[in-house]
Amino acid sequence: MSAGQLPRWVDFGLIPVLNLVAAFLVSGLVVLLIGENPLEAVRILLWGSLGFGEGIGFTLFYATNFIFTGLAVAVAFHAGLFNIGGEGQAYIGGLGVAWACLAFDHYVPWWVTMPFALAGAAIMGAAWAFIPAWLQAKRGSHVVITTIMFNFIAAALMNYLLVNIMVKPGSMQPETRTFEAGGRLPFLNDFMPGIDFGTAPVNLALIIALLASLAVWLIVWRTRLGYEIRAFGANATAAVYAGISPVRVIVVTMLISGGLAGMMAINEIMGSQHRLLLEFVTGYGFVGIAVALMGRAHPVGIVLAAILFGMLYQGGAELSFEKPAITRDMIIVIQGLVILFAGALEHMFRPALVRFFTFSRTPAQQAG
Amino acid sequence: MSDTPAIELRNISKSFGPVHANRDIDLVVRKGSIHGIVGENGAGKSTLMSILYGFYQADRGDILVDGRKVHIGDSKTAISLGIGMVHQHFMLVDNFTVLENVILGAEGGSLLAGGVSKARQELRHLEEGYGLKVDPDTLIEDLPVGLQQRVEILKALFRGAEILILDEPTGVLTPSEADHLFRILQVLKDEGKTVLLITHKLREIMAVTDTVSVMRRGEMVATRKTSETSMAELAELMVGRSVLLRVDKKPAKPKETVLDVSGLTVTDSRGVQVVKDVSFTVRAGEIVGIAGVSGNGQSELLETLAGIRRATAGTVTIDGETIDLGETPVDPAEMRGKSMGHVPEDRHRMGLVTGFQEYENAILGYHNDPVYSKGFLLDIAKIRDAARSEIEKYDIRPPDCLLKTANFSGGNQQKIVLAREIERDPTVLLVGQPTRGVDIGAIEFIHKRLIEMRDAGKGILLVSVELDEIRGLADRVLVMFDGRIVGERSPETDEGELGLLMAGVHGEDA
C-alpha cells in the first residue's frame, strides 16, 4: 500500500470522530468563556436530542431534511461537481409539493397524493438544477457560481409567488392555505404504535429519505450511470477516452442532485407545515454540504452525519431554552464549528494520521 | 572571457515519487556561449532548468554559478545570481503594458512613478544594445506572440540576467519569428551573455548553439561541440539504443486492409495543424509502427483515430466502412463499436481511473456492454470474474481485482489496460507507447502479446518513441515528422537513416 493510504476504518470512522471532538473542544471553550459549564451543556444537548421521545422525534425530523440535502451534494461530488444550490432547489421543490397537495387534497387520501407530491418535488428541484447544469456542460460556467446565484433567484421567485399568486385569498400571510388530510403525510406516531414522539413532526418522509439513501447507493455504485459519474469525477480525460459524454454526465448528475434536494420539501411542506410558506428551507441546503463532507459522500455516512446535525439542531434548541446565557446565536456558533471542522478542515488531521499509520505499518510489512 | 564556467551542475538528482526526473546530471556551460539542451518530451530538461531557476530543489548535487557554490531556494535567488528564464508559457499579465510587465516584481519602491521612468530609460538602453524593439506602452494582449516573447527576454535582462534560459522558445513561433529570435540570441552572445536553449528541435540546435548536451530519461547522455556533431547523431542519442530487446517473431502474413486512413488533418486548440494530410493503411496480420521524435503529431494521430480528438479533414475506412471524419465527428464509444481497441499513450491520464478498483478499470470503455449488466444494475460478480481471468491470463500482480488501481506498479497497470483492450478481440488495435515506464519483464510480456495478436490476424498500429521497439515489433515503419509521414521504411533499415528521417532530413526517396 502506498503512502497516503489509510485503512478504511480510519478514513471513515476515526477522522470524522476526531474532527467532531475538536469541534466540541473548541465549542466547550466558547461555552466556558461565557461562564457556563461545558459538561453541563453537553449533558443538556444530549438529553435534549436523545433523552426523551419528543426530542428524538425532532432530531429525526431535522435529520430527514439533512439526509435529502446531504445526498444531493454527495451525488454531485461523485461527478466532481460542487452543487451548492441545494437551498434553492429545495425551495423550488416546495412548489411541486404544494401544487400536488393543493390539487388533490380535497379528493383523495394522502397515499394517492404522495407520489405526485414526491414527483413534483423531484421534478421542480431537478428543473432548478438543470439550468446551471446546462450552462456548465455547454458553456463552462462554473456550477458553484451559478447554483449559488440560483438560490437568490429562487428566493425572489418564491417571494413573488407567495405574496402575489399563491397566497390564500384574503390572508395577510404570504403562504398558501393549509392542506386537508389528503395533502398530509402521516406522522410516525400515527402508524408506529408503541413509539411516542410527542408533538414532533417526524413523518413518513424519514422512511422516504432512507429509501433515497439506498437508491443513491445503488445508482452510484451499482449502475452504469453511477460508473460513468464516478469515472468522470475521478478522471475526466479517462472518461472521455471511455466514450463517456461529459455533457450527459454533468446534466444527469445535476438533475439527480437537484431532485434529491427538492425532495427535502416533502418533509417540511407535506410532512410538517402542511402549507407552502416563505423560507421553509432556512439553511438546510447549505448544511447539506457539511453533511455530505462529513459523511464522505457515502449514504451510510450521510445518514449518520444527518442524525448528528439533527441532534445539534434539536439539542441546541433545548440548550438555549435551559441556559438563557447560551443564546440561539451561540448554538449557531457551535453548529458552525462542527461544519468548520468536519467540512472545511476535513483534512487537518489526515497528514499526521497518514504519517502515523505508514510509520507503524512499515515494520509489519517488512516482516511479512 | 575567463575560463570559469557560467554554470556548473554536479550530480544533480531529482525524483518525483518513484520517477527519476533527473539522475546524476553533470553540466558545464561556458560563459558567453549558446548551449543547447536537447531531449524528448519528458527527458527531464524542464525539471533541470526549474532546479536551476529555483522552482524545485534538487534532492542531491551542487550548483555552481561563476565558480561559486550556491543554493537556489527560489526564483528570487536565481535572479539575484543573474539567471533569467523565458518560460515556454509566458508569465505575462495580458492587460498590462510592456513596461508594466517588465517592472512587475521589480518596481523599486511602493510608488510607481520613479521606478517607471527609470525602467523606461533602461528599456531604451536595452533596445539600443540588443535590438530588442518593443513599444513600452502597448498592452501585451495586443502583441503578437513573437513580441510577447521579446518582452519576456527584456524582463530577464532588466533584472540583470547574465545567464538566460529559454525553455522551448520556438514552440509558439512562426519560422520567421524563430529566425528573428535566433538573431537576438546571437547578439546577446556577442554582448557576453550566456544562453541556455532547451528544445527538442534539432534544426535549431544546429543553427544557433555552440555546444549541445543531450538528455534521455532523466540522464545527461552526451555533450558535443555543435560543429563536431550531426543531426543524425543527436537524434540517435536522444532516442537511444537503450536496452536492445530481441523480439522473436515469424514474418508477417498480411491479408486484407482493415484500416485505411486518407488525408487526415488535425488542428489543435491553438489552431496549429498538428497532423497534416496523413494517409496510410494497416492490413490484417501486420504491425505498422509509427516512429518519430515525440511531439511530431503521433499522439494526436492516435487520439483522432480513437475518436477522442476531432479531425478537420480526412477519411477513415475501418473494416470496410468509410467515415468522413471532417464531416461526421465520431466519439470513442463509436470507434470501439467498430471494433477498434485503443491502448492510450498515457495510462494514468487516460487509460485508467487510478482511484477505481482494478475490476472497475477492467470494463472502462466497455461498461455499456450488456454482458456486464443485469437489468438496471451492473453485474458486479460477472465483472469481477472477467477481471480475475484477465489478471490470471496477463499475470497481473498482485492478483487482487479489489485493489485500488493506483496501488499497482506501472507495468501491471499497463497490463490492466492491455488486457482490457486485447481481450475484446478488436479488428484494429491502436497502441501508444505500450512499454513506457514499464520494467523489462513486463516489456517482453507485452511485446509477446502484441505479436500473438498480429498472428491471430489483427491489424495493429503502434506508436512509440522507442526506435528499438518499433524496429523490433513493426512489420512496416512509417516515420512522422512535423505532422507528416515523411517516409516508409522496412524495420531492418539502419538506425542512422531512420534517425535522419525522424530529424526531418528527407531522404531522396522519402
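Quick caveat, the model's predicted, so the values are computed rather than measured.

J.: What is the right way to read the overall build of chain B from this model?
T.: Helix and strand counts for chain B come out as 17 helices and 22 strands. Taking 2.2 N^0.38 as the reference for a compact globule, 510 residues should give roughly 24 Å; the C-alpha atoms of chain B span a radius of gyration of 25 Å, in line with that estimate. On the principal axes, the C-alpha backbone points of chain B span a range of 75 × 55 × 45 Å. Looking at chain B as a whole, 46% of its 510 residues qualify as buried. Relative to all contacts within chain B whose residues are 6 or more apart in sequence, the contacts with residues 24 or more apart total 68%.

J.: Honestly, the overall build of chain A in this entry has me stumped. Any pointers?
T.: In terms of regular secondary structure, chain A is built from 15 helices and 0 strands. Here the C-alpha atoms of chain A give a radius of gyration of 22 Å, agreeing with the 21 Å that 2.2 N^0.38 yields for 368 residues. Dimensions of chain A, computed from C-alpha atoms along their principal axes, come out at roughly 80 × 60 × 40 Å. In chain A, which comprises 368 residues, the share counted as buried stands at 50%. Sequence separation of at least 24 residues holds for 77% of the intrachain contacts in chain A that already meet a minimum separation of 6.

J.: Help me understand the pairing of strand β19 (residues 428-432) of chain B, please; the structure alone is not making it clear to me.
T.: Regular strands place side chains that alternate from one sheet face to the opposite one. All names here are of chain B. For β19, the tally of buried residues reaches 5 of 5 residues, placing the bulk of the element in the interior. Burial along β19 is two-sided: V428, L430 and G432 and L429 and V431, pointing in opposite directions, are all buried. By the bridge criterion, 4 bridges tie strand β16 (residues 340-343) to β19 in an arrangement that is parallel. Bridge pairing links V343 to V431 in β19. Where β19 meets strand β20 (residues 459-463), 5 bridges bridge the pair, whose relative direction is parallel. By the bridge assignment for β20, G432 is matched with V463.

J.: I tried to follow the interface of chain B and chain A on my own but got confused; where do I start?
T.: Quoted interface sizes are often the accessible area lost when the parts come together. Contacts between the two partners involve 24 residues from chain B and, on the opposite side, 16 residues from chain A. Elements represented by at least two residues in the side of chain B that touches chain A include exactly α10 (332-337), α11 (347-351) and β18 (377-378) of chain B. Of the residues belonging to the side of chain B that touches chain A, the class tally is 14 nonpolar, 7 polar and 3 charged.

J.: How should the nonpolar core be read in this particular structure?
T.: It is characteristic of soluble globular proteins that their nonpolar side chains tend to be buried jointly. Counting 262 residues, the largest nonpolar core has I266 of chain A together with I165, L462 and V479 of chain B as its most contacted members. Looking at which domains feed residues into this core, each of domain 1 (7-238) and domain 2 (257-352 + 426-502) of chain B gives three or more. Setting aside its immediate chain neighbours within four residues, I266 of chain A contacts V97, A117, L118, A121, A205, I208 and G271 of chain A.

J.: Whenever I open this one, helix α11 (residues 246-273) of chain A confuses me. Can you help?
T.: Owing to its 3.6 residues per turn, the α-helix brings residues three or four apart onto one side. Residue and element names in this part refer to chain A. The first and last C-alpha atoms of α11 sit 40 Å apart over 28 residues, in line with the 40 Å expected at 1.5 Å per residue. Within α11, 22 of the 28 residues are buried, which leaves it mostly tucked inside the rest of the structure. H274 occupies a position one or two residues after α11 and carries a positive phi of about 60 degrees.

J.: In this structure, what is going on with the sheet that holds strand β11 (residues 257-267) of chain B? I would like to understand it.
T.: Pairing between the strands of a sheet comes from backbone hydrogen bonds, and it takes one of two forms, parallel or antiparallel. Residue and element names in this part refer to chain B. With antiparallel pairing, the 4 strands of this open sheet are ordered in space as β12-β11-β14-β15. The open sheet has two edge strands with one neighbour each: β12 (273-283) and β15 (321-324). For this sheet, the mean angle separating the axes of adjacent strands, direction not counted, is 15 degrees. Across the sheet, helix α9 (residues 298-305) touches β11, β12 and β14 (313-318), and the angle it forms with β12 is around 65 degrees.

J.: Just to check I follow, could you spell out the packing of helix α3 (residues 53-78) of chain A against α11 of chain A for this structure?
T.: Any two packed helices are characterised by how steeply their axes cross, that is the angle between the axes, and by the distance between the axes. Residues and elements named next belong to chain A. At a closest axis distance of 7 Å, the pairing of α3 and α11 adopts a crossing angle of 170 degrees. Taken as axis vectors, α3 and α11 run roughly antiparallel relative to one another. Note on element contacts: α11 touches α3 through T253, M254, I256, S257, L260, A261, M263, M264, N267, E268 and S272, opposite F61, T64, N65, F68, T69, L71, A72, V75 and A76. Residue classes in the contact of α3 with α11 are distributed as 12 nonpolar, 7 polar and 1 charged.

J.: What am I meant to see in the domain arrangement of chain B here?
T.: All names here are of chain B. For chain B, the assigned domains are domain 1 (7-238) and domain 2 (257-352 + 426-502). Spacing between the C-alpha centres of domain 1 and domain 2 amounts to 34 Å. With 8 residues of domain 1 at the contact, the number on the domain 2 side is 9 residues. Taken together, the residues of the side of domain 1 that touches domain 2 sort by class into 4 nonpolar, 2 polar and 2 charged.

J.: Would you mind going over the pairing of strand β3 (residues 34-38) of chain B with me for this structure?
T.: Residues and elements named next belong to chain B. Counting buried positions along β3 gives 5 out of 5 residues, so the element sits mostly inside the fold. Here β3 shows two buried faces, one formed by I34, G36 and V38 and the other by H35 and I37. As defined by bridge partners, β3 adjoins strand β8 (residues 194-199) across 5 bridges and the pair is classed as parallel. Each bridged residue has a counterpart across the sheet, and for V38 the counterpart in β8 is T199.

J.: Help me out: how do you make sense of the sheet that holds strand β2 (residues 19-29) of chain B in this one?
T.: All names here are of chain B. Strand order in the open sheet formed by 4 strands is β2-β1-β4-β5, and the pairing between neighbours is antiparallel. The open sheet is flanked by β2 and β5 (68-70), the only strands paired with a single partner. Sheet twist, expressed as the mean angle between neighbouring strand axes with direction ignored, is 30 degrees. The sheet contact formed by strand β4 (residues 60-65) and β5 spans 3 bridges and is antiparallel. By the bridge assignment, V65 is partnered in β5 with R68.

J.: Would you mind showing me how to read the environment of H142 of chain A here?
T.: All names here are of chain A. Looking at where H142 falls in the secondary structure, it is placed in the loop between α5 (110-139) and α6 (143-165). A residue is classified by how many C-beta atoms lie within 10 Å of it, and H142, with 14 of them, is partly exposed. As a C-alpha pair, H142 and F82 span 60 residues in sequence and 9.1 Å in three-dimensional space.

J.: Which parts of the structure should I look at to understand helix α1 (residues 45-52) of chain B?
T.: All names here are of chain B. Counting buried residues in α1 gives 8 out of 8 residues, a clear majority hidden from the surface. Taken together, the buried positions of α1 are K45, S46, T47, L48, M49, S50, I51 and L52. Just downstream of α1, G54 is the residue with a positive phi angle, here 85 degrees.

J.: Would you explain the environment of A387 of chain B in this entry?
T.: Residues and elements named next belong to chain B. For A387, the location among the structural elements is in helix α13 (residues 380-393). By C-beta crowding, A387 is classed as buried, having 24 other C-beta atoms within 10 Å. Excluding its chain neighbours within four sequence positions, the residues that come into contact with A387 are E358, Y359, A362 and C401.

J.: Honestly, the packing of helix α12 (residues 284-294) of chain A against helix α13 (residues 299-322) of chain A in this entry has me stumped. Any pointers?
T.: Residues and elements named next belong to chain A. Contact geometry for α12 and α13: axes closest at 8 Å, N-to-C directions at 130 degrees. Classified by the interaxial angle, the pair formed by α12 and α13 is oblique. Crossing handedness for the pair α12 and α13: right-handed. Along the contact surface, α12 presents V287, V291, A292 and M294, while α13 presents I302, A305, A306 and F309. For the contact of α12 with α13, the class distribution of residues is 8 nonpolar, no polar and no charged.

J.: Honestly, the confidence of the model for chain B in this entry has me stumped. Any pointers?
T.: Residues shown with low pLDDT carry predicted positions that ought not to be read at fine detail. When pLDDT is averaged across chain B, the result is 88; 96% of the residues are at 70 or more. In the predicted complex, the global pTM is 0.79; the interface-specific ipTM is 0.85.

J.: Would you explain unusual backbone geometry in this entry?
T.: Generally, phi is negative for residues other than glycine and the peptide bonds are trans, each holding for most cases. Residue and element names in this part refer to chain B. Looking along the chain, the bond that leaves R397 and enters P398 is cis, with omega of -5 degrees. In this structure, P398 sits in the loop between α13 and α14 (410-422). Phi is positive for R217, which is not a glycine, with a value near 50 degrees. With respect to the helices and strands, the residue R217 is situated in the loop between β9 (211-216) and β10 (219-225).

J.: How should I be thinking about the confidence of the model for chain A in this particular structure?
T.: Mean pLDDT for chain A: 90, with 95% of residues reaching 70 or above. Predicted confidence is poor over residues 362-368 of chain A, with pLDDT under 50, and the contacts of this stretch with residues over four places away or in other chains come to 0 contacts.

Definitions and limits used
- Residues numbered from 1 in each chain as written.
- Chains lettered and ligands numbered in written order.
- Predicted model: local features only at pLDDT ≥ 70, side-chain atom pairs only at ≥ 80, totals over all residues.
- Helix = DSSP H or I, 4+ residues; strand = E, 2+ residues; numbered from the N terminus.
- Rg over C-alpha atoms; globule rule 2.2 N^0.38 Å.
- Buried ≥ 20, exposed ≤ 12 C-beta atoms within 10 Å, placed from the backbone.
- Contact = placed C-beta atoms within 7 Å.
- Pairing = 2+ DSSP bridges.
- Nonpolar A, V, L, I, M, F, W, Y, C, P; charged D, E, K, R; others polar.
- Core = buried A, V, L, I, M, F, W, Y, C linked by C-beta atoms within 7 Å.
- Domains from an automatic or database assignment.
- Expected span 1.5 Å × (residues − 1).
- Axes fitted to C-alpha atoms, helices over the stretch in contact; angles between N-to-C directions.
- Parallel < 35°, antiparallel > 145°, perpendicular 65-115°, else oblique.
- Left-handed = near helix turned anticlockwise from the far one by under 90°.
- pLDDT = per-residue confidence, 0-100.

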